[in-house]
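Working through the structure, step by step
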Amino acid sequence: MTEPTHGHKFVGIDPGLSGAAVVYSPSDNWITRQARFKTPDDLVEGIARALTMDVTCVVIEHVHSMRSDGRKSAFSFGSYYGMAIGLLKLSGIPYIECAPVRWMNFIRKKLEWSWDEEFDSREASKQILKKGEYNHFFKYKSDHNTGDAFCLAYWLAENSQLMPANSNKMGNLEKLPCFHDLEKMRAERLGQEVAVVK
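Report on the accompanying structure. (Residues numbered from 1 in each chain as written. Predicted model: local features only at pLDDT ≥ 70, side-chain atom pairs only at ≥ 80, totals over all residues. Heavy atoms only, no water.)

What to know about the overall build of the protein chain
Counting secondary structure elements, the protein chain contains 6 helices and 5 strands. Expressed as a percentage of the 198 residues in the protein chain, the buried residues total 46%. (Helix = DSSP H or I, 4+ residues; strand = E, 2+ residues; numbered from the N terminus. Buried < 20%, exposed > 50% of the residue type's maximum accessible area, 1.4 Å probe, protein only.)

Written out as structure tokens, the structure reads:
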């Protein structure tokens, strides 16, 4: 499917080595995976490709290393996460962080999954998209990071449009400008006329 040239695009990033970046356009029900991160270069190039000027906003999964992780593993994760945050800050595109439990609970409710069921972001992505043409993104067990990145982008797309100005009831979503302001910022990045809402 060809990339849409209109409508909003949301980016979900599952950081870390073996993570992924996905761009999602809800109006066209279109996605593309910019990268599965196998090296630090993959992470930098994939996120840089995803952060085009027509992106409305970005969500990055907010995770941290666990006590059971070795020192090298914890350090590596932190450096990849730091690279991703640096790229987001340089882009000027608004972004927020989201804990896994938050977006997973949202997806569970949306799909009416039992709380006893094991969460599978690949299956969730296929059910949300309802398009077989994207199944190759979620074919293998190792594609769970692509599933996570898509679910993050979907969570952001569904929730950012609910954001009224000066809201303080959406947790970390309050760190984003209201949706009208996001639209304005995107239009300015694209050099488009900004519609004045009265």
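A look at the packing of helix 3 (residues 100-111) against helix 4 (residues 121-129)
Helix-helix packing: each pair is described by the crossing angle between the helix axes and the interaxial distance. Relative orientation of the contacting elements helix 3 and helix 4 amounts to 50 degrees, with a least axis distance of 11 Å. The pairing of helix 3 with helix 4 is recorded here as oblique in orientation. Note that helix 3 runs across helix 4; the crossing there is left-handed. Side by side, helix 3 and helix 4 meet where Trp103, Ile107 and Leu111 of the first sit next to Ser121, Ala124, Gln127 and Ile128 of the second. Here the residues of the contact of helix 3 with helix 4 sort into 5 nonpolar, 2 polar and no charged. (Axes fitted to C-alpha atoms, helices over the stretch in contact; angles between N-to-C directions. Parallel < 35°, antiparallel > 145°, perpendicular 65-115°, else oblique. Left-handed = near helix turned anticlockwise from the far one by under 90°. Contact = heavy atoms within 4.5 Å. Nonpolar A, V, L, I, M, F, W, Y, C, P; charged D, E, K, R; others polar.)

Describing the nonpolar core
Here is a general trend for soluble globular proteins: nonpolar side chains tend to be buried in one another's company. Formed by 53 residues in total, the largest nonpolar core has its most connected members in Ile13, Ile31, Ile107 and Phe150. Discounting residues that sit within four places of it in the chain, Phe150 has contacts with Val22, Tyr24, Ile31, Ser125, Ile128, Leu129 and Phe138. (Core = buried A, V, L, I, M, F, W, Y, C linked by side-chain atoms within 4.5 Å.)

Some remarks on the pattern of salt bridges
Per the stated rule, a full pass over the model turns up 4 salt bridges. The partner of Asp143 in a salt bridge is Arg33, and the shortest N-O contact between them spans 3.6 Å. With Asp143 in the loop between helix 4 and helix 5 (144-160) and Arg33 in strand 3 (residues 30-36), this residue pair connects regions lying 110 residues apart in the sequence. Look at Arg33 and you get partly exposed, because its relative accessible area is 23%. Between Arg122 and Asp120 there is a salt bridge whose closest N-O contact spans 3.5 Å. Residue class for Arg122 comes out buried when judged on its relative accessible area of 16%. (Salt bridge = Lys/Arg side-chain N within 4 Å of Asp/Glu carboxyl O.)

Quick word on the side chain of Asn159
Within the secondary structure, Asn159 sits in helix 5. Classification of Asn159 by relative accessible area gives buried; the value is 8%. One polar contact links the side chain of Asn159 to the main-chain carbonyl oxygen of Trp155, over a distance of 2.8 Å. (Polar contact = N/O pair within 3.5 Å; in protein donor to acceptor, adjacent residues only side chain to side chain.)

So, the packing of helix 4 against helix 5
Contact geometry of helix 4 with helix 5 gives a least axis separation of 7 Å together with a crossing angle of 50 degrees. Taken together, the axes of helix 4 and helix 5 lie oblique to each other. With respect to the hand of their crossing, helix 4 and helix 5 are arranged in left-handed fashion. Touching Ser121, Arg122, Ala124, Ser125, Ile128 and Leu129 of helix 4 are His144, Gly147, Asp148, Phe150, Cys151 and Tyr154, all from helix 5. The residue makeup of the contact of helix 4 with helix 5, split by class, is 6 nonpolar, 4 polar and 2 charged.

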